Amino acid sequence: MGKNYRAELTGVFGDPVEGNPTGVMEEAAYQACGLNYRYITMKVTPEGFPDAMKAVKALHMKGVNLTMPHKITVLPYLDELSEAASIIGAVNTVVVREDGSLFGDNTDGKGFVHALLRSGESVSGKNIVVLGAGGAARAIAVECALAGAAFVTIINRTFSRAQELAELIRSGTKVGAKALAWNKSQDIPDGTDILINATSIGLMDDREQLPDINYETITPGMTVSDVVFNPSDTLFLQSAAAHGAKTVNGLGMLACQGARNFTLWTGMEAPLEVMIDTLKKEFGES
Ligand code: NDP
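These numbers come from a predicted model, not from an experiment.

1. What about the site of the ligand?
Near the ligand you find 21 residues, and of these Ala 133, Ala 136, Asn 156, Thr 158 and Arg 161 are the closest. Within the backbone of Gly 134, a nitrogen or oxygen atom sits 3.4 Å from an oxygen atom of the ligand. Contact distances for the ligand include 2.8 Å between an oxygen atom and a side-chain N or O atom of Asn 156. Relative to its free-state accessible area of 930 Å², the ligand is covered by the protein chains to the extent of 73%. Those elements that place two or more of their residues in the shell around the ligand are helix H5 (135–146) and helix H8 (250–266). In the shell around the ligand, the residues fall into nine nonpolar, nine polar and three charged. Formed jointly, the shell around the ligand draws a minimum of three residues from each of two domains, domain 1 (8–105 + 252–282) and domain 2 (119–248).

Below, the structure written as structure tokens:
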């Protein structure tokens, strides 16, 4: 048989997608592995979404990532969901299987758990405190519970959203969970093993901002992590480190999430170091 010039297609559907760095990381990984795969960052509005999902099948794509505003709208198009995606009720990765059926996963939380493991930390048996109750917080909190966390506490500015997420964890995973209202200079509860900023505070233009917590309640035994990946060394992580905590940044989570997508689409182990280095270069950090 002659040479095969056909490229395998993957990508992301969202709006806006202009600032989404995933494609740079996935394409670097494909190249490093010598795969004839492409990752295209595509603007897809809600009106165009049904046609875009038809295109996934018509173009024989390997799969797509979904970002705002499609993570929930995609659910009726899918044939099967991972456990995490079905509890969270949102999908960020679609895989087109050999028989053409569509499988949906949510890899944000798995990326977090994997990044933590790479730093030598497991969530198993741990008391987890999550700041935030948005999409990233949901994915992380549910995945931590599925990975064996002992208890999950959600602290969020909008208390009702914290309550909803705590209830979702209790009913969906049977792991104990509670919600706390976010008070001024919020104390981190005694006995916390792992604290995560899963809010968007600290992101790029907002980089001088810090979550309003009592940093004196961060102790040397804690591991503190941030979902914000650009900059990766956030003021939040710097403040936690200054109080003796071990820190794990959001760039690792993004890369680990991308690595999982890579494996889902290619069936191969991802070149994680290549993906991390690519992101660092992209954010001017190397
Ligand atoms: P959402 O909009 O769904 O949620 C935002 C969360 O931040 C809410 O809980 C919101 O509280 C809280 N929040 C925002 N501003 C403030 C503030 N000033 N004070 C207190 N709380 C605040 O966003 P996502 O969950 O999708 O994304 C959150 C962050 O996670 C983003 O920075 C995103 O880039 C990052 N992310 C990182 C990933 C990675 O791999 N590293 C993967 C996915 C996301 P309220 O409910 O009260 O509005």
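2. Looking at the pairing of strand E5 (residues 93–96)
Of the two faces of E5, the one lined by Thr 93 and Val 95 and the one lined by Val 94 and Val 96 are each fully buried. Direction of pairing for E5 relative to strand E6 (residues 102–105): antiparallel, over a ladder of four bridges. Along E6, the bridge assignment pairs Val 94 with Gly 104.

3. Some thoughts on the domain arrangement of the chain
Each assigned domain of the chain is listed here: domain 1 (8–105 + 252–282) and domain 2 (119–248). Just the C-alpha atoms count here: the centres of domain 1 and domain 2 sit 26 Å apart. Every contact between the two is made by seven residues of domain 1 and, on the other side, 11 residues of domain 2. Summing both partners gives a buried area of about 740 Å² for domain 1 against domain 2, and 81% of it is carried by carbon and sulfur. Contact with domain 2 buries surface across domain 1, with Ile 87, Ile 88 and Met 253 losing the most and accounting together for 68% of the total. Counting the contacts that link domain 1 with domain 2 gives zero salt bridges. Our enumeration of links across domain 1 and domain 2 arrives at one residue pair in polar contact (both at pLDDT 80 or more). Counting only elements with at least two residues in the side of domain 1 that touches domain 2, the list comes to helix H3 (83–88) and H8. Counting residues per element, the side of domain 1 that touches domain 2 draws most heavily on H3, which supplies four residues. When grouped by side-chain class, the residues that make up the side of domain 1 that touches domain 2 number six nonpolar, no polar and one charged.

Parameters at a glance
Residues numbered from 1 in each chain as written. Predicted model: local features only at pLDDT ≥ 70, side-chain atom pairs only at ≥ 80, totals over all residues. Heavy atoms only, no water. Near = heavy atom within 4 Å. Polar contact = N/O pair within 3.5 Å; in protein donor to acceptor, adjacent residues only side chain to side chain. Areas by Shrake-Rupley, 256 points an atom, 1.4 Å probe, with all protein chains shown as cover. Helix = DSSP H or I, 4+ residues; strand = E, 2+ residues; numbered from the N terminus. Nonpolar A, V, L, I, M, F, W, Y, C, P; charged D, E, K, R; others polar. Domains from an automatic or database assignment. Buried < 20%, exposed > 50% of the residue type's maximum accessible area, 1.4 Å probe, protein only. Pairing = 2+ DSSP bridges. Contact = heavy atoms within 4.5 Å. Buried area = accessible area lost by both parts, 1.4 Å probe. Salt bridge = Lys/Arg side-chain N within 4 Å of Asp/Glu carboxyl O.

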